[in-house]
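Below are the chains, spelled out letter by letter.
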Amino acid sequence: MNFLGNLQYVLLASVGGYLILRGGTNLTIGSIQAMLQYSKKFSHPINMIANQYSAILTALAGAERIFEIMDSEPEVDEGTLAIKPEDIRGEISFRNVQFGYVPGEPVLKQFDLEIGAGNKIALVGATGSGKTTVVNLLTRFYELNGGEIRIDGVNITDLPKDTLRQSIGIVLQDAVLFRDTIAGNMRYGNPDATQDQLEEAAHTAMADGFIRRLPQQYETMLTESGSNLSQGQRQLLTIARAVLADPKILILDEATSSVDTRTEMQIQQAMNNLMKGRTSLVIAHRLSTIRDADCIVVLGNGTVVEAGSHEELLAKRGEYYKLYSKQFAGAAT
């Protein structure tokens, strides 16, 4: 519409000017000027209507997304057992678990795994083997297609989701931080934590050193996603948050894969402090970080291919041996 209005203006000016220059007509510059003003007055409301129509279409697209969320079914939470998060010991049992994100395309097939309370279990395997899916099912982000998962002998569907998720702490590859102070970000793990508890958690996570070097220390305001901190500092801060939450079950999903080797060693030490006395599931591509795991579980095609300690799996010369050899072939050379 803007283009047509401007085209009309140019045509009137051009034709009117040509006729006046040629002569033989009663046209004057004043009449041409009047016509140009009339054309602008005529096209302006049409342009406004077109702009309003565009705004209405944009609003409808946004409203459609909002109403889609409002009309979506709430999560199913049939858990009724009165169990507190602090009462959970951390024994986990996967029994004949079957699951697929798309019907007819299973990701896990008859998956069985027993994890004792306080044990450190590492999940390894090729991309798409189902490592992160195991975590998603444990936290009930998705519902099982078959089988069951038990914590301390209780089916997780019988536990209220609030209880289940309060007893699980997750440290992801990408640190999730908010536009808030360092203390505020840490308190997402425990809103009622005191200053002494904050400092103790930061010390355990080896984050206390860099926090005290900041101008306002624990009251330092972070930008969106914590972009005014380094990647390693952000990761240490999320570990401190997990320490403050004090979960009985801990999940570490590629927590050191995006940092350099020196920072990785510091984060690894902080994670070792965090995992003491907790049932831990570690998802890792860097096999050097899981050598001390109580049990290393190798996943492939949705099932457990092999399981054992680092030394036992190397001696078997199976799938773990192949993964380990490929990863360290370049370093050895």
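About the thresholds
Residues numbered from 1 in each chain as written. Predicted model: local features only at pLDDT ≥ 70, side-chain atom pairs only at ≥ 80, totals over all residues. Heavy atoms only, no water. Phe/Tyr/Trp six-rings, centres within 6.5 Å; stacked < 30°, edge-to-face > 60°. Helix = DSSP H or I, 4+ residues; strand = E, 2+ residues; numbered from the N terminus. Buried < 20%, exposed > 50% of the residue type's maximum accessible area, 1.4 Å probe, protein only. Polar contact = N/O pair within 3.5 Å; in protein donor to acceptor, adjacent residues only side chain to side chain. Contact = heavy atoms within 4.5 Å. Patch = residues over 30% accessible without salt bridge, like charges linked within 9 Å, V, L, I, M, F, W, Y side chains within 5 Å. Areas by Shrake-Rupley, 256 points an atom, 1.4 Å probe, with all protein chains shown as cover. Salt bridge = Lys/Arg side-chain N within 4 Å of Asp/Glu carboxyl O. Axes fitted to C-alpha atoms, helices over the stretch in contact; angles between N-to-C directions. Parallel < 35°, antiparallel > 145°, perpendicular 65-115°, else oblique. Nonpolar A, V, L, I, M, F, W, Y, C, P; charged D, E, K, R; others polar. Pairing = 2+ DSSP bridges. Core = buried A, V, L, I, M, F, W, Y, C linked by side-chain atoms within 4.5 Å.

Some thoughts on the packing of aromatic side chains
This model, assessed by the stated rule, comprises five aromatic pairs. Ring centres of F94 and F111 lie 5.4 Å apart, and the angle between their planes is 80°; this geometry places the pair in the edge-to-face category. Here the residue F94 occupies a position in strand β1 (residues 92–99), and F111 occupies one in strand β2 (residues 108–115), the gap between them amounting to 17 residues. The class for F94 is buried, based on a relative accessible area of 1%. Taking the relative accessible area as the measure of exposure, F111 reaches 0% and is therefore buried. An angle of 35° between the planes, with centres 4.6 Å apart, marks the rings of F178 and Y188 as tilted. Residue F178 is located in the loop between β6 (168–171) and α5 (182–186), and its partner Y188 is located in the loop between α5 and α6 (195–204); the two are separated by ten residues in the primary sequence. Accessibility expressed as a relative area gives 33% for F178, which makes it partly exposed. With relative accessibility at 48%, the residue Y188 sits in the partly exposed group. Put simply, the rings of F99, Y101 and Y142 touch in pairs and so form one group of aromatic residues.

What to know about the side chain of S93
Within the element layout of this structure, S93 appears in strand β1. Of note is the side chain of S93, whose polar atom sits 2.7 Å from the side chain of E114. If near-sequence neighbours (up to four positions away) are discounted, S93 is found in contact with L113, E114, E148, I149 and R150.

Side note on a nonpolar patch on the surface
A cluster of nonpolar side chains, namely Y101, V102, F141, Y142, I170, L172, V176, F178 and Y188, defines an oily patch on the protein surface of about 810 Å² accessible area. Considering the arrangement of structural elements, one finds F141 in the loop between α3 (131–138) and β4 (146–151). You can call F141 partly exposed: its relative accessible area is 45%.

Remarks on the environment of L144
Positionally, L144 belongs in the loop between α3 and β4. Distance from L144 to F99, taken between C-alpha atoms, is 5.5 Å for residues 45 residues apart in sequence. In contact with L144, other than residues within four places in its own chain, are V97, Q98, F99, L137 and I149.

Brief notes about the packing of helix α1 (residues 2–22) against helix α2 (residues 29–71)
For the pair α1 and α2, the least separation of the axes is 10 Å and the interaxial angle reads 170°. Regarding the angle of α1 to α2, the classification is roughly antiparallel. Each of N2, G5, N6, Q8, Y9, L12, A13, G16 and I20 in α1 lies in contact with α2, whose residues at this interface are I29, I32, M35, L36, S39, K40, F42, S43 and N47. A class-by-class count of the residues in the contact of α1 with α2 yields nine nonpolar, eight polar and one charged.

What to know about the pairing of strand β10 (residues 303–308)
Sheet topology places strand β9 (residues 295–300) next to β10; five bridges connect them, and they run antiparallel. Bridge assignment links V297 to a residue of β10, and that residue is A307. In this structure, the hairpin formed by β9 and β10 is closed by a connection of two residues, where N301 is found at a positive phi of approximately 55°.

Re the nonpolar core
In terms of nonpolar packing, the biggest core is built from 40 residues, with I182, M186, I211, L237, I239 and I296 touching the most fellow members. Among the secondary structure elements, those contributing two or more residues to this core are β3 (120–125), α5, α6, α7 (208–212), α8 (231–245), β7 (249–253), α9 (261–275) and β9. Of the residues forming this core, the biggest block, seven residues, is contributed by α8. In this structure, I115, V135, I149 and I151 belong to the second largest nonpolar core, which totals 28 residues.

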